[in-house]
Structures are given as structure tokens and as C-alpha cells.
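Structural features, examined
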There are 2 protein chains.
Amino acid sequence: MKKGNTIFFENKPAILSYAAVCGTKESEGVIGSFADVVLKDDMFGESTFEKAECKMLSTAISLAVKKSGLDEGDIDVLFSGDLLNQIISASFAARNYDFPFLGVYSACSTMSESILLGSTLVDGGYVNTAVCATGSHFASAERQYRYPLELGCTRPPQAQWTVTGAGGLVLGRSQKGVKVTCGTMGRVRDFGVTDVNNMGAAMAPAAADTIIRHFRDTQTEPADFDLILTGDLGALGSRILKDLTWEKGFDISANHVDCGEIIYKVVESEFQGGSGAGCSATVLNSYILEKMNAGLYKRVLFAATGALLSTVSSGQGESIPCISHAVRLEI
Amino acid sequence: MKKGNTIFFENKPAILSYAAVCGTKESEGVIGSFADVVLKDDMFGESTFEKAECKMLSTAISLAVKKSGLDEGDIDVLFSGDLLNQIISASFAARNYDFPFLGVYSACSTMSESILLGSTLVDGGYVNTAVCATGSHFASAERQYRYPLELGCTRPPQAQWTVTGAGGLVLGRSQKGVKVTCGTMGRVRDFGVTDVNNMGAAMAPAAADTIIRHFRDTQTEPADFDLILTGDLGALGSRILKDLTWEKGFDISANHVDCGEIIYKVVESEFQGGSGAGCSATVLNSYILEKMNAGLYKRVLFAATGALLSTVSSGQGESIPCISHAVRLEI
């Protein structure tokens, strides 16, 4: 069933299991004691950053499947994508498995897009199980989107720090566990921001658009949620989001939390906080789902945000179109 | 309903309309008289190849919507992706519309992946209408994946020519028109091919895997189809596909056609034929759907194929993982 841009899942697909892998810097923060695997070295025993990123992703996928108690042969489909050109982390991770792979891309909103699509297929009975996963790596993202680390470039104060980590979950049918009850599909929003170091400002309008449409489509208000969780707006982007939603009559300040804002103990060069597809993937698939299963949060709106730029589009003077897909998690 | 890796659409989503835009070279071939828009100049009035690619894609989307008789406000979601880093053609095209956008990526298999996902959402009643579209541009693909055109590099004989063009279709519910009756989700296959100029050889095993699983899941055989249509295997890749399926007991030689093999009048430097996401998108959304609506083909298995490499993965010595998603079209 659909209302506005929101899809309702009448059969309430369940999150059977979840897993997260995080890097060294990330392990010092809030997710350190919740992640399943904490890297001792961000190369993860591989020869390149990209291979390390891929290995983190497939580790998260395999662990999530293992924790669900299912065999890999029981998995019907994998939804995954990542930030690297041609989503090679996801594609190469998918090469390790015999189940089908549907590649998705919405930058750092990939976690919520894949849960939205996976839940639809499970809810409709088209598949019994779906794995949804994504990740990112600080070093591969820096050299692809910005500068090689070896250059030692200075970072501006509005910058964020791409999270080294990956997270995945298994969707299926179960009476137990956290349920995905509905999801709001994102629209591309572009408020004309051209500063590629200021992703928070670029993405906030997309998050506001999706969150407000979710409230309207489902006739809810901010107080109905224990948590309104965005992906990687960072400190500055989160302030803009709160302003934008407040202007439209929704005050989310009491229960809004941004994964990027909480992931690091901000002390050094992370500035506005974490970013990257792995940011919301690791926080959701460790800390948040752990707290939900413990009954601390009962209803969470998870709205990850993605900046749909490339180095080519920025080089050609384009502004940054952004998107946010949201799913509602309840227990 | 699902059997093996195949999803069945009991409500039979219909292709309400379709549209194709093709470049100058492409207009000389079989699709020239079927495409809705034929470029006079492959820059399409834009300042860069990438912007031209994006404009072709949004032209195909807008035209398909217009031909369906619907307003843009009636469209519930757009599934799209393309070959450019971070699928910027699709993302920037989606910026022109107010309906939601779900980004997908499976390289040149994007057309069939988007139809597969779009059909699932329409079949399940999650959306009423979905637009599925993709495209590519020879010049933007060459400079991203290989060399800038200005270098004037020689092309090896196993090479293919990336199609300049875009195609899109609108899915919905209707008694009339071509129906999507089922779809087989692809798995990543990698036979160890490392030659980035030999995509046909790399992709043929993925196509064979999906097509054979489709036969088995649906208990059909090659003779049940008027056409087994692959995306862009080219001449060499098509020969390999026929061999691989024949070895498994399925002789598809009588009714296999490859979009890449038929799109050009091969006379010059296209060698093995066309490739790119736009290849199968333009051929399907002009020539093939026109013939199906005229009753010439009644049952077509459309299995586009994608090579999931990037310049980084190839540069790091990786082989080329490939995928093929298939949908069955019937009238």
C-alpha cells in the first residue's frame, strides 16, 4: 500500500540479524563496544584501501547471515552499493556469494534505500530473505573524491570524516525482532550548494523533504518517534535540518540524532563528524539496533542522506543534488 | 511468488509507453527509424559529453511519460542508473522531476534491473506507476573508462563501441500492451577475464547463468521464446554465450539476438558491435517493443548484461565480475 511517497509494509518484514565492522578510529567512539569486528589496522590485511573496503563489506554480510542462523543458500538476494566508482566494493563482495545481487546507489543513503527495497520484496512475498549492506573507507574515499592522503592537504572546518566501516542486516519474516513498518522514497533536492567540503549543508534539504513527507504521509509528528535518525549530516547539517523542519512546523530538535554527529569523539580533524555510506551503516547495525532490541527505542525513523555528486559533476561547475530515503523501524 | 531466483508477477505489470533517444551513428542502424529523437549532433546542445548524456536520459524519461498519457505528477517512482561514476546522469536527470528516485547500478544490465525492480513494486501494489530508464554516451564512457578521444588511440578488434543513446519506459497497470510476467535476478559471475577491451567474453558467463536459471525456474526451453535478447555481448560474446548454453543442454542459437550485434551497420571501428547501458535501452525501447506491440514477437526474454569493473579495480589487477538480470516480456 502506498500513500504519497510512503510505502507501507503490511506483513512487517523483520530484521533477523545485523552486523557491523568498524575501523580503528571508529572503534574509539560510541560504536566501539557494539561492533562485531574492530579492525586493528585499517588495511584489514589487504594490499589496497579499496580491497580493504570490499573485505569489510563482505565480512559484515557474512557475519549478518551467520548471526541470523541461516545458511548462505537460504539468502534470496543481496541489496548493496557503496561510494566507489561503479560500486566496486559491493560488486566484488557479491562475487563471493552464490545468491543474486541487485546493485543500488544513493551515495550515503544506500543503507536506507537497500532496506526500503529489501523490505518491499520480503513484504510482497517475492523473496523470503534479503541482505542489505553497505560500507565505506576513509582512505579510498579521500583519494577518489578529494586528494591522495600522501598530499597531506588541510581540511576546512566544514568538512566531515568518511567512516571506515561496513554494516549489514538480514531481512525476513519473524514474529521477533525489529520490524520495518513503512518507508518513504526520497526525491532529489538541490539547493545550489557547490562546496564539496560542505556535504551537511547540501544534504539537509533532502533530509528535511523526506522526513516532512514521512510525517504527512503517515500522519505522525516528531513526538511519535523515539529517534529521528539521519545518516551523516554532521553537526552543521543537523542544525540546518532542524531549522528547515522547524520552518515547516515540525520541531524535531528533541529527538533528532545524526549518526555522523555521534560516531566520533570529536577531538581532532573530524570537524563536523562522520560521513560516508559506512557511517549510518555501522551506527544502525550496532548501537541503534542493539538499543532497539533491548527496548530502549521503540520507534525509529531512519533517514540516511546521500550527496549525488561526482568529481566530474563538481569539476563541470554543477551544484550537489542530494537524496534521502527513510524507513521506519519499530519493535 | 518466487521459484529459484525467478520472481513471478501475478498481476502482470504493463509497459504503458516507451521512448528512445539515439545518437548520430546509432541513427544509421536498425533503430534509426524507430527512435523518438535522433540527435543531429552528439553534444545535444550541451557544453560537455556528460551533460549531453544526462539530457538524453531526461529526454527519454519525459517522452516516455508524455507518451503514456500520464502527467509527471502521476509517476510514483523513477528507477535509473548509468555508467558514469556515481551515476551522475541518472541523479542529475532525476533532479528535473518531483517524483522519487531509486538509483540502481548494474552497469549495462541497468535496463533489465530497473524493469525487474519496477515491475515488483507495481505488481505488489506498492506503486501504481514506475519509470525505468538508462543511457550512455560514447564520448563520456571512452574518457572515463579508457582514453580521452583526443588521444586518438587505436582500438583492438575485440573492442565494442559504447552506444550514444537513452531509453525509458513507464510501467503500470493496463489490460493493453506488453506485460512483464516474470524476472530472474542475476548473480555475479567472474570467469577470470582481465581484458577490459573484451567485455563480451567477460559477460557471456553471467548471461548464460541467468538465462539457464530462467529456463529451469520457469520450466521453459529456448523454443518457447520468440527472442532471447541479450544487451551488449557483441558478436564475439554472443558466440561464447551460445557455446556456454549449448554445453548445458540449451541450444539458443535459433532465437538469440544481441542488441549490441544488431544496433550498428558494422562497417568501421565498432568491431564487435555496440555496448553500454544505452545499447539495450535504445534497442528495447524502440525496435523491440514496436515489433512486440505489432504482434511480431509475442514472448521475449530480455537479459541485459553488465560488467562490474572500474578503472581502479582493473588497475589493481582484478578480473571483471559480471551480472545479468532478465525479465520476460509477453503480449
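What counts, and where the lines are drawn
Residues numbered from 1 in each chain as written. Chains lettered and ligands numbered in written order. Predicted model: local features only at pLDDT ≥ 70, side-chain atom pairs only at ≥ 80, totals over all residues. Helix = DSSP H or I, 4+ residues; strand = E, 2+ residues; numbered from the N terminus. Rg over C-alpha atoms; globule rule 2.2 N^0.38 Å. Buried ≥ 20, exposed ≤ 12 C-beta atoms within 10 Å, placed from the backbone. Contact = placed C-beta atoms within 7 Å. Pairing = 2+ DSSP bridges. Core = buried A, V, L, I, M, F, W, Y, C linked by C-beta atoms within 7 Å. Right-handed = clockwise from strand over helix to strand, strands pointing away. Domains from an automatic or database assignment. Least-squares fit on C-alpha atoms with pLDDT ≥ 70 in both. Expected span 1.5 Å × (residues − 1). pLDDT = per-residue confidence, 0-100.

A short note on the overall build of chain A
When its secondary structure is counted, chain A shows 10 helices and 15 strands. Here chain A has a C-alpha radius of gyration of 18 Å; the compact-globule value for 331 residues is 20 Å, and the two agree. Seen through its principal axes, chain A has C-alpha atoms that stretch 50 × 50 × 35 Å. When the 331 residues of chain A are sorted by exposure, 64% land in the buried category. Within chain A, counting contacts between residues at least 6 apart in sequence, those at least 24 apart form 79% of the total.

Quick word on unusual backbone geometry
Peptide bonds are trans in most cases, and residues, glycine excluded, mostly fall at negative phi. Within the chain, Phe-44 of chain B stands out as a residue other than glycine whose phi angle is a positive 50 degrees. Relative to the elements of secondary structure, Phe-44 of chain B occurs in the loop between β4 (37-38) and α2 (49-67).

What to know about the environment of His-214 of chain A
Residues and elements named next belong to chain A. As for its placement among the helices and strands, His-214 is situated in helix α6 (residues 199-218). Given 24 C-beta atoms within a 10 Å radius, His-214 is considered buried. Distance in space between the C-alpha atoms of His-214 and Asp-41 is 40 Å, their sequence separation being 173 residues. Look past the residues within four positions of His-214 in its chain and what remains in contact with it is Thr-6, Thr-184, Leu-301 and Ala-326.

Brief notes about the pairing of strand β7 (residues 130-136) of chain B
All names here are of chain B. Burial analysis of β7 places seven of its seven residues in the buried class, which makes it a mostly covered element. Residue alternation in β7 divides its side chains into two sets, Ala-130, Cys-132, Thr-134 and Ser-136 and Val-131, Ala-133 and Gly-135, and both sets are buried. With six bridges connecting them, strand β5 (residues 77-82) and β7 associate as parallel partners. In the strand pairing of β7, Val-77 is matched with Ala-130. In the sheet, β7 pairs with strand β9 (residues 165-172) via seven bridges, with the strands oriented antiparallel. Residue Cys-132 lies in a different strand from β9, and its bridge partner there is Leu-169.

Regarding the nonpolar core
Formed by 228 residues in total, the largest nonpolar core has its most connected members in Ala-60 of chain A together with Ala-60 of chain B. Discounting residues that sit within four places of it in the chain, Ala-60 of chain B has contacts with Ala-19, Ala-20, Val-21, Ala-133, Gly-135, Ala-166, Gly-167 and Gly-168 of chain B.

Comments concerning the pairing of strand β11 (residues 227-230) of chain A
Residues and elements named next belong to chain A. Relative to strand β14 (residues 299-307), β11 is paired through four bridges, and the arrangement is parallel. Bridge assignment links Leu-227 to a residue of β14, and that residue is Val-300. At this point the chain moves from β11, through helix α7 (residues 234-247), to the parallel strand β12 (residues 256-258), and the crossover so formed is right-handed.

Notes on the domain arrangement of chain A
Residue and element names in this part refer to chain A. When the domains of chain A are assigned, the result is domain 1 (2-172) and domain 2 (179-330). With centres defined by C-alpha atoms, the gap from domain 1 to domain 2 works out at 17 Å. Across the boundary between the two partners, domain 1 contributes 55 residues, which contact 60 residues of domain 2. Within the residue set of the side of domain 1 that touches domain 2, elements represented by two or more residues are β2 (6-8), β3 (14-22), α4 (110-123), β7 (130-136), α5 (138-145), β8 (161-162) and β9 (165-172).

Notes on the relation of the copies chain B and chain A
Relative to chain A, chain B is turned by 180 degrees and slid 0.0 Å along the rotation axis, the superposed coordinates differing by an RMSD of 0.0 Å. Viewed as a symmetry operation, the transformation between the two copies matches a two-fold axis. Identified as the residue of chain B closest to the rotation axis by C-alpha distance is Val-104 of chain B, at 2.0 Å. The overlap is high: 100% of the interface residues of chain B also sit at the interface in chain A, so the same surface is used on both sides.

Focus: α4 of chain A
All names here are of chain A. Here α4 spans 19 Å end to end across 14 residues, near enough to the 20 Å set by a 1.5 Å rise per residue. Burial runs high along α4: 14 of the 14 residues are buried. Backbone geometry just after α4 places Gly-125 at a positive phi near 75 degrees.

Description of the environment of Thr-311 of chain B
All names here are of chain B. By the secondary structure assignment, Thr-311 is in helix α10 (residues 311-315). Under the C-beta neighbour-count criterion, Thr-311 is labelled partly exposed, with 15 such atoms within 10 Å. Taking the C-alpha atoms as reference points, Thr-311 and Ala-159, separated by 152 residues in sequence, lie 16 Å from one another.

Things to note about the confidence of the model for chain A
With 99% of its residues at a pLDDT of 70 or more, chain A shows a mean pLDDT of 96. Both confidence scores are given for the complex: pTM 0.97, ipTM 0.97.

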